[in-house]
Every structure is written in structure tokens, then in C-alpha cells.
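Next come the chains, spelled out residue by residue.
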Amino acid sequence: MSAQKANTTQDKVRDLQRRLYATAKSQPTRKFHALYDKMYRPDVMRQAWENVRANRGAPGIDRTTIEDIEAQGVEPFLEEIREELREGRYRPAPLRRVYIPKKDGRKRGLGIPVLKDRICQSAAKIGTCQAL
């Protein structure tokens, strides 16, 4: 599929991943130094949001839920993240720490990131790791 034929967000993201994968396979010694800019592409950010939304995880330390973001507007939220990434101002927030019980009676610590951090993690995975 060429970039001209990619119409949906998922198509565009898949096209990016295929191109990166093909380049990595055809040039095994090539180093990819500029993948950071792929994270804040609108299509990658939208797909990252869909991935996080589908997971339905618990809120992070800021207690912001997916429903809160949808009520305030998803696009302005994603645009804010894109701007932070583009300008180099993005910094991850502290994790919310919860302890879940194990079968043997002890507890296991679990760190829950805020939604913004989960979206950035998903965008990094979409734009880099899955493609290579």
C-alpha cells in the first residue's frame, strides 16, 4: 500500500510501520536516529489513543479517566501531547503505586502511569518497535 492510498489512521500507521520494517530488513546496518518525530504524527497519536482506550486501564496518579478525556475532547488532549513532544517539553508523570494480592498471600507492587504517559508509550511502540 502506498502513502497515497492510505486513507484511515490505521492504514497510515501500518504504511509507516511497513516502510520502516522494509528499510530495516534491506539495510541491516542502518541506524534509525530520527524515530522520535514519528511518535507525534497525528495518525500515530490517534492510533495510540485508540490502543489505550481499548485497554480500559485504571487512572494514574492524576485520577484522570478515559471518560474524563472524552468529555473534555480527545483532539485537544492529543494536540497538547503532540506539542509537548515536538517542543521537547514532555516529561512522564510519577506512577500511581498499587499493591495487588498474590496467590501466596503476599502483595505485588504495580505502577500505573497517567493516560498521557500511556499514550506516549503506545505511540513509541507504534512508531518504532513494531516496525522494526
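We now turn to the structure provided with this report. Remember, it's a predicted structure, so these values are computed and weren't measured experimentally.

On to helix α3 (residues 42-55). The terminal C-alpha atoms of α3, which comprises 14 residues, lie 20 Å apart, in line with the 20 Å expected from a rise of 1.5 Å per residue. Those residues of α3 not exposed but buried are Asp43, Val44, Met45, Gln47, Ala48, Trp49 and Val52. One or two positions beyond α3, positive phi appears at Arg56, with a value near 55 degrees.

With that settled, consider the side chain of Asp117. Along the chain, Asp117 turns up in helix α6 (residues 115-129). Buried and unpaired, Asp117 has no salt bridge, with Lys116 as the nearest side chain of opposite charge at 6.9 Å. Ignoring any residue separated from it by four or fewer positions in sequence, one finds Asp117 in contact with Tyr90, Arg91, Pro92 and Ala93.

What follows covers the pairing of strand β2 (residues 107-112). By the bridge criterion, six bridges tie strand β1 (residues 96-101) to β2 in an arrangement that is antiparallel. Bridge pairing in β2 places Arg97 opposite Gly111.

Attention shifts here to unusual backbone geometry. The phi torsion at Arg56 lies on the positive side, around 55 degrees, for a residue other than glycine. Its location among the elements puts Arg56 in the loop between α3 and α4 (66-72). Phi is positive for Arg63, which is not a glycine, with a value near 65 degrees. Mapping Arg63 onto the fold places it in the loop between α3 and α4.

A few words now on the environment of Ser26. For Ser26, the location among the structural elements is in helix α1 (residues 9-26). The class for Ser26 is exposed, based on a relative accessible area of 53%. A polar contact of 3.3 Å, which involves the side chain of Ser26, links it to the backbone oxygen of Thr23.

Cut-offs applied
Residues numbered from 1 in each chain as written. Predicted model: local features only at pLDDT ≥ 70, side-chain atom pairs only at ≥ 80, totals over all residues. Heavy atoms only, no water. Helix = DSSP H or I, 4+ residues; strand = E, 2+ residues; numbered from the N terminus. Expected span 1.5 Å × (residues − 1). Buried < 20%, exposed > 50% of the residue type's maximum accessible area, 1.4 Å probe, protein only. Lys, Arg positive; Asp, Glu negative; His and termini not counted. Salt bridge = Lys/Arg side-chain N within 4 Å of Asp/Glu carboxyl O. Contact = heavy atoms within 4.5 Å. Pairing = 2+ DSSP bridges. Polar contact = N/O pair within 3.5 Å; in protein donor to acceptor, adjacent residues only side chain to side chain.

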